[in-house]
Amino acid sequence: MKGATILLIEDERQIRRFVRSALEKEGLRVSEAETRREGLVEAGRCQPELVILDLGLPDGDGVGFVDDFRAWSVAPVLVLSARSTEYDKIGVLDAGADDYLTKPFSVGELLARVRALLRRGRARPGTEAARVSFGDVEVDFSLRQVLRRGEAVRLTPLEYRLLAVLVANAGKVMTHRQLLHEVWGQATGDNSHYLRIYVGHLRHKLEDDPAQPRHFLTETGVGYRFHL
Amino acid sequence: MLSSILLSEDPLSPPWQRYGLAVLGCGAVAAVLWPFSSQLDLPNTVMCFLLAVVVVALRAGRGPAVLASVLSVALFDFLFVPPRFSFEVSHAPHVFTFVVMLAVSLIVGQLTAGLRAQARDAARRERVARGLYGLARELAGAMGVEQVDESVARFLQEQWNAPCCLLLPTAEERLQAVGGRGGAVPVVDAGLLLQARDAQRPLALLADDGSGCHCHVLPLAGTTRNRGVLVVTLPGDDGIGPLLEALSALVSTAVERLHFVEVAQAAQLEAVSERLRSSILSALSHDVRTPLTALYGLADSLVVGPPPLPDEARDVAGAIRDQALRVNGMVGNLLDMARLQTGPVCLRKEWQPVEEVVGASLKLLGGALEGHPVRVLGLAALPLLEFDAVLIERVFCNLLENAAKYSPPGAPIILSADVGPLMVELRVSSGGGGFPPDKLQKVFELFERGQAETTVVGMGIGLAICRAIIEVHGGTIRAFNPPEGGGCVAFCLPRGTPPPVEPEALPADGEGA
């Protein structure tokens, strides 16, 4: 992870300052931009492996940046948002951002997200492991087999598909819309309650305490995040 | 001169004047002809009398024309036919002359008067039509119901000298006179007015003041509902029905147009003020949080280092960080309260399991619940409920945080639920002393705290936010001290009708996962 270039787009100098110092202490290279336009120019110049993007930029919304950036780069985008922009987050995640952090955030949270995203970004597409384990669950995608404490767990086809999508996007926030699209196809816009019910099923089958999940995490109002 | 007599539009005079005119006309003809009676032969004299009858018929109508006919024959006989000054007839053919003269004058008089009446009627119709046209133009441009009322009143005043009154429903569905001119018409029972408004046909009532006037109550039919009534008082009600209907159609169109203009303006105003409110709150939130984020992050980077700080400095940095977080929480609460209290809340309701929101709240609170084991009972079996997840998460966070703050370390926090026929009740109970019994209601008020002199920090805003959120969801919230000790906050959410869920079959054995 050392030596990776990170582009930080944030208009507040003091926030840039501590984020930069935290990242540099990790051995990462940081380049900065204050506005969306500057950010796009800088992104083209420094080819970042990760972009940290503030949602409250003075010259436009984050969705526009992500749209433009996604046109030529697959590098992960971490969004910084205030809680009042709860629903702006959905837009920017749907546009292709990978994760978000709600302000204020601690250095520890920031670094954890950055590490996870860099790891994700470096994994070659198509090389996902056939076997994944989390908690006391083991999933073997080649055998379509889910084991919990060594015993087979029976999942319906949709539950299995949802599990596969979540695991493939581990560490990334998936919006309700993205999950519905990936698992149910496009025709189920009004059936978002199905998604919540099926996530509930997975929790009951695979979590120790479904009311306090440790792997199938809820991002309230936004979507879900699978945590390995 | 003749044409001016024919076309003059004077309204009919009172009867005595008209009959007087008949007498006067015949008398005048007799007086004028008298000096020339020796030169004029009888047929010419007859002609002159016939002319008088025609003029009287034109000016005074049918009755006076009959009188004039009879008078003419009488005067002719008395003054001009020998023997003079006597009704005696010396020459037998004269009787025939009188009969024919009477018949001709009666027929001519009636025809003339009929024609005249028709002309008069046509002129009146034309005047009314022109008036209606002018009224329609005025109403199309009216900017308010007062203006509509004024135009209609002027129109009716000019056309029939009839007082009128426009009554429109108030916010409480009571009919009220526009422009405070309710006194212009005889008092009509309010219930009758409402009944008339919802009727399809106009209602004609005999006024109760003994004037013999008819009170016409015209419902103003709109596209979606009847908008009000127009009350018109007229001396009679013959043949005026179609006109009144045309009038009520015009007025209803105008009133309805104004109503929809008002609705559109109100909606626009609300949208603008809503946008303004939410942009002010967002800007405020952004402006306050930005420095707090910097403060929190900078202090945190001092704490985590490297380089490691001396212990004391690190404690101070940690304290700064924690206080910044606390201020952030308070700002969040205040902004939420402002958002909830200053206008309609835009809810993003979706059908979802409660368990999920509880899990998210527990994870969000994390360290704040440390030392309090949380037990979640019976949430998995709940039906789906329709709510705004972000707001209900806030409710759970506030309740759990309160429970942790006000109960002794190690005391468990219990989340449980009950399903009623219409509502689902969710409870958060904790150990400790519970709520002061006299403050069970007041704790939900803004800036009210259960224990006034307490070392626990807080502003007394959390439960007020909970109540505001639950109320916009159509639920209720209450606090009580259960008999087994401790305190409990319970809130209800309506069950509604969840969308159907088709269960998916498990694959048969041997088909993999």
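Let me sum up the structure you'll find in this document. Values in this document were obtained by computation on a predicted structure and should not be read as measured data. (Residues numbered from 1 in each chain as written. Chains lettered and ligands numbered in written order. Predicted model: local features only at pLDDT ≥ 70, side-chain atom pairs only at ≥ 80, totals over all residues. Heavy atoms only, no water.)

1. Considerations on the overall build of chain B
In step 1: Counting its secondary structure elements, chain B contains 12 helices and 12 strands.
In step 2: Buried positions account for 42% of the 513 residues belonging to chain B.
In step 3: Sequence separation of 24 or more characterises 64% of the internal contacts of chain B that already satisfy a separation of 6 or more.
In step 4: With the model as given, the accessible surface of chain B reaches about 27,000 Å², and the carbon-plus-sulfur share is 62%. (Helix = DSSP H or I, 4+ residues; strand = E, 2+ residues; numbered from the N terminus. Buried < 20%, exposed > 50% of the residue type's maximum accessible area, 1.4 Å probe, protein only. Contact = heavy atoms within 4.5 Å. Areas by Shrake-Rupley, 256 points an atom, 1.4 Å probe, with all protein chains shown as cover.)

2. Quick look at the pairing of strand 1 (residues 164–169) of chain B
Residues and elements named next belong to chain B.
In step 1: Burial analysis of strand 1 places five of its six residues in the buried class, the great majority of the element.
In step 2: Here strand 1 runs beside strand 5 (residues 226–234); their pairing, made up of four bridges, is antiparallel. Looking across to strand 5, one finds that cysteine 164 is bridged to valine 232.
In step 3: Where strand 1 and strand 2 (residues 175–177) come together, three bridges link them in antiparallel fashion. When the bridges of strand 2 are listed, proline 169 appears paired with leucine 175.
In step 4: Between the antiparallel neighbours strand 1 and strand 2 lie five residues, among them glutamate 173 with a positive phi of about 65°. (Pairing = 2+ DSSP bridges.)

3. A look at unusual backbone geometry
Residue and element names in this part refer to chain A.
In step 1: With omega at -10°, the peptide bond leading from lysine 103 into proline 104 counts as cis.
In step 2: Its place among the elements puts proline 104 in the loop between strand 5 (99–102) and helix 5 (107–122).
In step 3: One non-glycine residue, glutamine 47, lies in positive phi territory at about 45°.
In step 4: Mapped onto the secondary structure, glutamine 47 falls in the loop between helix 2 (36–46) and strand 3 (50–54).

4. Considering the interface of chain A and chain B
In step 1: Taken residue by residue, the interface counts 45 residues in chain A and 54 residues in chain B.
In step 2: Summing the contributions of chain A and of chain B, the shared interface buries around 4,100 Å²; its carbon and sulfur component is 58%.
In step 3: Taken together, the connections running from chain A to chain B amount to two salt bridges.
In step 4: One salt bridge in this structure joins arginine 203 of chain A and glutamate 356 of chain B, with 3.6 Å as the shortest N-O distance.
In step 5: Remark: the boundary between chain A and chain B carries seven residue pairs in polar contact (both at pLDDT 80 or more).
In step 6: Elements supplying a minimum of two residues to the side of chain A that touches chain B: helix 1 (13–25), helix 4 (86–94), helix 5, strand 8 (145–148), helix 6 (157–168), helix 8 (192–206) and strand 11 (216–219) of chain A.
In step 7: Here the side of chain A that touches chain B takes nine residues from helix 8 of chain A, the largest share from any one element.
In step 8: When grouped by side-chain class, the residues that make up the side of chain A that touches chain B number 20 nonpolar, 14 polar and 11 charged. (Buried area = accessible area lost by both parts, 1.4 Å probe. Salt bridge = Lys/Arg side-chain N within 4 Å of Asp/Glu carboxyl O. Polar contact = N/O pair within 3.5 Å; in protein donor to acceptor, adjacent residues only side chain to side chain. Nonpolar A, V, L, I, M, F, W, Y, C, P; charged D, E, K, R; others polar.)

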